[in-house]
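In case you want the letters, here they are:
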Amino acid sequence: MEGATSGRITPLHCTNPTVSTLTLALSKGRIFDETLPLLAAAGIVPLEDPETSRKLILATSMPDVAVVIVRASDVPTYVQYGAADLGVAGKDVLLEHGGTGLYQPLDLEIARCRMAVATKRGFDWAGTVQRGARIRVATKYVATAREHFAAKGMHVDLIKLYGSMELAPLCGLADAIVDLVSTGNTLKANDLVVVEDIMPISSRLIVSPAALKLKRDRVQPLLEALGRAVVAQRGRKS
Ligand code: ATP
Ligand code: PRP
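Here the structure is a predicted model, which means the values were calculated and not measured.

**A look at the packing of aromatic side chains**
Counting across every chain of the model gives one aromatic pair. Seen in terms of ring centroids, W125 and F149 are 6.4 Å apart; in terms of plane orientation they differ by 55 degrees. Their pairing is tilted. In this pair, W125 sits in helix α5 (residues 125-131) while F149 sits in helix α6 (residues 142-151), placing the two residues 24 residues apart along the sequence. Assigned by exposure class, W125 and F149 land together as buried.

See the structure below:
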């Protein structure tokens, strides 16, 4: 919790400086798109589309609620420091961040995929592991990969990448990658296969402890409304 208290900056007063605005940090793309119906069920509709607007602070149908648009991996940082009251972040991102200074009260069950180890088709992963050969693994998810291989007692050399992990085994940068897999189309298109499953991934609502304490009367009803929306969404998907 240290970040939430020691490094807290004054929360944003986005639309009306006289009203304390509740800010929700979202990333553009699938998290924004999949959070939208849940927010709508809670009565919150952003008034602009981040795909067409260059604005980074979006007013919503609720005058004292604003959405701020940040990189997916920056969402926990904004919430940790109280620069946003709430946010939506993938479990993959939260594991890399570490979760310091954040409450994670709700699995929104959106942006679902899996974290997995993949290699080129035909690569003898099991044999390489059994021989105890030195393995190079490229990933954006260094903390998760480190923990996964350490739990298996495997020593691997991790290479940090920021995207297009699938390219690494094809160019000889690494023997394997740790990446997210959903349909499997990206792996298939690059002649890669999953050799180990690590964990299921979905996105969580995260809340700053300061907001939970100081804006509880506004945060709590929103949490409850989103919780109901998740249950309804589950019913529609099953
Ligand atoms: P950054 O911009 O910080 O690099 P990113 O490009 O990974 O982040 P997105 O691609 O929008 O951001 O992914 C946001 C979240 O959606 C991820 O953190 C993950 O939890 C989830 N996700 C990523 N890829 C998929 C996928 N193919 N299917 C479903 N969910 C996914
Ligand atoms: C993610 C992930 C994989 C792909 C997997 O990338 O890094 O490359 O999705 O999805 P699939 O199994 O359905 O093919 P994303 O689409 O987010 O691209 P980006 O990381 O370049 O933003």
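**What to know about the site of ligand 1**
The local shell around ligand 1 holds 16 residues, among which R30, R71, S73, D92 and K140 are the closest. A111 places a polar main-chain atom, nitrogen or oxygen, 3.3 Å from a nitrogen atom of ligand 1. Taking K140, its side chain carries an N or O atom lying 2.9 Å from an oxygen atom of ligand 1. For ligand 1, the accessible surface in isolation is 620 Å², of which the surrounding protein chains cover 77%. Taken together, the elements giving at least two residues each to the shell around ligand 1 come down to α2 (30-41) and α4 (91-97).

**Section: the site of ligand 2**
By nearness alone, every residue bordering ligand 2 is listed as R30, E166, D179, L180, V181, S182, T183, G184, N185 and T186. A distance of 3.1 Å separates an oxygen atom of ligand 2 from a polar atom in the side chain of D179. In the environment of ligand 2, an oxygen atom lies 2.8 Å from a nitrogen or oxygen atom belonging to the backbone of G184. Compared with its free state, where it exposes 500 Å², ligand 2 has 60% of that area covered by protein. When residues of the shell around ligand 2 are traced back to their parent elements, those giving at least two are β9 (176-181) and α8 (185-189). Among the elements that line the shell around ligand 2, the one with the most residues is β9, at three residues. For the shell around ligand 2, a count of residues per class yields two nonpolar, five polar and three charged.

**Structural notes on α2**
Taking 1.5 Å of rise per residue, twelve residues should cover 16 Å, and α2 covers 18 Å from first to last C-alpha, within 8% of that figure. In this structure, the buried side of α2 is in contact with β1 (22-26), β2 (57-59), β3 (65-69), β4 (86-90), β11 (203-207) and α10 (216-237). One or two steps after α2, the chain reaches G43, where phi turns positive at roughly 85 degrees.

Definitions and limits used
- Residues numbered from 1 in each chain as written.
- Chains lettered and ligands numbered in written order.
- Predicted model: local features only at pLDDT ≥ 70, side-chain atom pairs only at ≥ 80, totals over all residues.
- Heavy atoms only, no water.
- Phe/Tyr/Trp six-rings, centres within 6.5 Å; stacked < 30°, edge-to-face > 60°.
- Helix = DSSP H or I, 4+ residues; strand = E, 2+ residues; numbered from the N terminus.
- Buried < 20%, exposed > 50% of the residue type's maximum accessible area, 1.4 Å probe, protein only.
- Near = heavy atom within 4 Å.
- Polar contact = N/O pair within 3.5 Å; in protein donor to acceptor, adjacent residues only side chain to side chain.
- Areas by Shrake-Rupley, 256 points an atom, 1.4 Å probe, with all protein chains shown as cover.
- Nonpolar A, V, L, I, M, F, W, Y, C, P; charged D, E, K, R; others polar.
- Expected span 1.5 Å × (residues − 1).
- Contact = heavy atoms within 4.5 Å.

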